[in-house]
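Chains, contacts and geometry: an overview
One-letter residues, chain by chain:
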Amino acid sequence: MSPRMAALLMPFVALGCVGVIGDDHDPPPGGHAGAGGDQELTAGPMPMRRLTRREYDNTVRDLLGERSSWGQTLSPDRDPGFSFSRPSVVTTLEAADLRGAAEALTAAAIPRLGRLLGCNPTAVGEPACARSFIESFGMRAYRRPLDRAEVDALVALYQTGRTPLALAFPQAVGLVIETILQSPGFLYRWELGPQAPAREGALVRLRSYEVASRLSYFLWSTMPDQALFDAAAANALDTSAQVEQQARRMLADPKARVSLADFFEEWLKLDELDELSKEYAGFNDALKSAMMQEARTFATHVAFDGDGRFGTLLTAPFSFVNNALARLYGITGVRDTTLSRLDLDAGQRSGMLTQAGFLARTGDPDGSHPVRRGKEIFEGFLCKVVPPPPGEVPPPRPVMPGLTTRQRFEDHAKNECAAGCHALFDAFGFAFEHYDGVGRYRTMDSGARVDSSGRVTIDGAARSFNDAPGLTRIVAESEEARRCFAVHWLRFAFRRLETEADGASIDAVMTRFARSGHDMREVLVSLTSTPSFRYRSLNPGEVMP
Amino acid sequence: MTNDRFSRRAILKSLGASAAMLPLLSTSRVKAASATGAPKRLVTVTWTNGVIREEFFPQGDQLEFRAVTKPLEALRSKVLLPCGLDDTVYLEKGALPGGHFTYASLLTGTTRDAGTKCGGVAEQEAEGPSVDQVIASALGQRVSLPAMLLNLAVHAAPARIGTTWRAGGQPNAAERNPYHLFDTLFASSTLPAGQIDGLRARRKSVLDFVGKELNRFGTRLGNEDRAKIGAHLESIRELERQLAPPANPRACEAPMVGAKLDLSKPENYVAHTKLQLDLIATALRCDLTRVVTLELTNAGENSFAPDFQGPGARQTYHYIAHNASLPDVYQRKLNIDRWYFEQVAYLARKLNDVPEAGGTVLDNSAIVTFNGMADGAAHVSYGLPITIVGSCGGYFRTGRAVRFGRWIGGSGAYYKARSGVSHSRLLATLCHAMDVPVDSFGDPQHGAGTALSELT
């Protein structure tokens, strides 16, 4: 199990959380620009980061026209300190894996080199063809034009391949491809070109090519398409209106559906299903995959084919179900192994927190886990911080006849040292006591009727509920939850935590989100026009050329 | 190497890690060989969830093989039990009560809060390099091997909380795929010589170019990003070193790996473990590597227990560890504890079966086992259960148990209290055993100290 889960039997702390989350509506010290006014523009930092496994495969697909699953051979991108995937540093093992991937991808590309070259070596001459290939392919691979010195260095590498290494023309070009695929310009996202950064006061304004990359990796998880490159070349990504126009175009592309599904999969941490085992005979790879697909299909449906509303995500009484999921949901007559839309019992199911994926991921092998589920919602959906525990907390009592899960955990929370933090979030988890470890609905637990009622504090007010549908309705209407959703999109877009300097950008997104009736598409579009998207602060130690 | 803008020291500096965390290498010559000239090897094996302590630690002063360590009894004369060492740095600096967060400190003698984490758990990370990394780097100056250091796992820890660290904040990734490992170690030996030379030449020109690019790319970045590029560059340099053909290739037969296992299936855990152990044994025997780390479980292990037997067979290992005080669970935990030592004994036997320089490969090695905690229910990180198998070329005086700290008579068993002796001193001892003399190892403010003369 992940240490995150291990910690549920352990006390936990959350330190160093910064910025705008929480229920405190006062501006943080130092202040951020509010709506209007002529306060100085602020934007958070832009840490350099490496392509994730998914981004690697998508980029290779668009760059080489080659389906790749080589990204999956790299180390998992899971970062225990962060909500979304974020690759770690390149270790020796990783460097060897990147080399293996580059060698295999190049070997596969060489027989089809004609399509990539863009010139005929016998017509224009091999050296000229190699150079023109390096210019165009290099631009796409590095997502920015190469300067003269960079082109010359790659041409020299091609020549090394031709003469000392005695490679034929295609293999020498292959050597260039293989090298580019292992170069920082390809692997890292900072799109650091030879040009000096465009300073504007304390900030750096992203140049057109950088904005193009930021847009495409945010909305498509891949490199820019030709239209974005064209816009970048024409400096047509300089105003927020231009950026937003591109964002709207990109959202209509099928690639945006995949990227949005990735967001939900990672937000709900459904990749962890893969490692779980359950006391449920049918909990096999096919069911795990169906759970994952259910969440992905449901989210993209609501976002792109449905009303797009945030509240619908959390309260919809329908989902996408195949035969194995139907069995789990207690529905008969579904035979198909592929998923299709189905109305569920609205008394039992209400949005993605009551879908099997989230419930199984947060459940125990042989039962529910109210504390884990409560903490997930408290932290992951309300962006609240669990205070550090006062000391060592003993684990809950083991399973025994006549004692319900809730009783076992309540007993645990009564413990003097556990009451402080558990009181805050346990009730969120008790709402889900109707669902066992794989998400099956149950009315009885250890011989007693399930009690899923509770009382929580949301948006500063105490709210009561009877069950999970009741709680999810409260969460769906909560300002804290809406802001937390927007904050997660910011984290996803920038793969970093928010800082105080992002405050104005988040406020701007929240304004547009509210104006749209909480249409989640508006969060994505409005985020691209914020200062935090189009600008960055300087990194400590950064050297200006 | 020294011309790089990103020396190890510069990286550490930019990461804000104190140079004091780097063990000071003494000026004396690094030998890397036993008195007989045979190579020395170090293998660390780590798992978590503690042991049933009263069945691990000897009750008296003498070496004793109780239920947990029974599988090692046949190798009695080659076993050394250092009893009662504390994970001092974790006890003093760890943010949480011990247990699942000690992995970073076990082989480094350092620990620190891993930084910001909203919606996650406080993680600990290392503040300095781990003992395997320090030894392999020092030996790498003298000997060129295809893989001086192998970091392996069966259940890998999430990227940032494994046992092996290149430097503070920079975890080494552990390879958990034995088929991948096989390809790395043995597959190139199946290529014809001419093709190997061509492959080497091509790879060399690629790495050379990438190294230059990284250097150029790094110059403008901020400190944190520059450190990441510096680490990447170090990895590229390591690959360049690995391109050199082995200095002393020995005829060596690759092990049989058999039909492919589905590594994601918990029920394949046992076979998966065996495969990794077989590959380690061969790699050591063939002198493809000198330093190996193996994580059998991750730090928070909660998969099903490896024994897969008995009542409640589908309980998780973590649950079993926490509830070992229940009578029926107790026996299961004991069985699991023993199972892990059976794996250690299996590896030790494989090395002991190979004669070398008048002894065996095991005699020229030290297999050192660590556990993330002492006791699975209490999750404590003092009185760690550590075993050493093999004398590392005669360095360790084996066939003994050595008890550290004071016996607090009457108030309970000695291993249920802090001894006040830091396990960092064992790490310093391991460096000495591998002929990489250091003055001390670990965090100088928390537990670093000299080698433990009691063990030699």
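Notes on the structure follow. (Residues numbered from 1 in each chain as written. Chains lettered and ligands numbered in written order. Predicted model: local features only at pLDDT ≥ 70, side-chain atom pairs only at ≥ 80, totals over all residues. Heavy atoms only, no water.)

1. Quick word on the state of the cysteines
All names here are of chain A. For the coordinates displayed, the defined rule picks out 2 disulfides over all chains. Disulfide pairing is shown between C119 and C129; the S-S distance is 2.0 Å. Its torsion about the S-S bond being 90°, the disulfide of C119 and C129 is classed as right-handed. Taken together, the residues span a long stretch of sequence, with C119 in the loop between α4 (113–117) and α5 (121–124) and C129 in helix α6 (residues 126–142) at a distance of 10 residues. For C129, a relative accessible area of 0% gives the class buried. At a sulfur-sulfur separation of 2.1 Å, the disulfide partner of C383 is C484. Taking the torsion about the sulfur-sulfur bond, which here is approximately 80°, the covalent link between C383 and C484 counts as right-handed. (Disulfide = S-S within 2.5 Å. Helix = DSSP H or I, 4+ residues; strand = E, 2+ residues; numbered from the N terminus. Buried < 20%, exposed > 50% of the residue type's maximum accessible area, 1.4 Å probe, protein only.)

2. Some details on the packing of aromatic side chains
Counting across every chain of the model gives 44 aromatic pairs over all chains. Pairing W47 of chain B with F341 of chain B gives two aromatic rings, centres 5.2 Å apart and planes at 80°, and the pair type is edge-to-face. Placement of the pair is W47 of chain B in strand β1 (residues 41–47) and F341 of chain B in helix α10 (residues 327–352), with a sequence separation of 294 residues. Each member of the pair, W47 of chain B together with F341 of chain B, is buried. A cation over a ring is seen here: R86 of chain A above F82 of chain A, with NZ or CZ 4.0 Å from the ring centre. (Phe/Tyr/Trp six-rings, centres within 6.5 Å; stacked < 30°, edge-to-face > 60°. Lys NZ or Arg CZ within 6 Å of the ring centre and 35° of its normal.)

3. Notes on the sheet that holds strand β4 (residues 203–205) of chain A
Residues and elements named next belong to chain A. Here we have 3 strands laid out as an open sheet, ordered β3-β4-β11, and antiparallel in their pairing. Among the strands making up the open sheet, the edge pair consists of β3 (198–200) and β11 (535–537). Averaged over all neighbouring strand pairs, the angle between strand axes comes to 40°, with direction disregarded. (Pairing = 2+ DSSP bridges. Axes fitted to C-alpha atoms, helices over the stretch in contact; angles between N-to-C directions.)

4. Description of empty space enclosed by the protein
Residues and elements named next belong to chain A. In the structure shown here, the tally under the stated rule is 8 cavities of 30 Å³ or more. The calculated volume of the second largest cavity comes to roughly 130 Å³. As for the second largest cavity, its lining consists of M46, P47, R49, R189, W190, E191, L206, E210, S213, R214, A493 and F494. Of all the secondary-structure elements, those providing two or more residues to the lining of the second largest cavity are α10 (208–219) and α22 (479–494). Ranked by the residues each element gives to the lining of the second largest cavity, the list is headed by α10, at 3 residues. Of the residues contributing to the lining of the second largest cavity, the split by class is 6 nonpolar, 1 polar and 5 charged. (1 Å grid on protein atoms, 1.4 Å probe; cavity = no way out; pocket = protein on both sides within 12 Å on 5 of 7 lines; lining within 4 Å. Points joined across faces, edges and corners; volume = space filled by probe spheres on them. Nonpolar A, V, L, I, M, F, W, Y, C, P; charged D, E, K, R; others polar.)

5. Remarks on unusual backbone geometry
Residues and elements named next belong to chain B. Unlike most non-glycine residues, N49 shows phi in positive territory, near 75°. Tracing the chain through its elements places N49 in the loop between β1 and β2 (79–83). A positive phi angle is found at D435, which is not glycine, with a value near 60°. Position of D435 among the secondary structure elements: in the segment after α11 (424–433).

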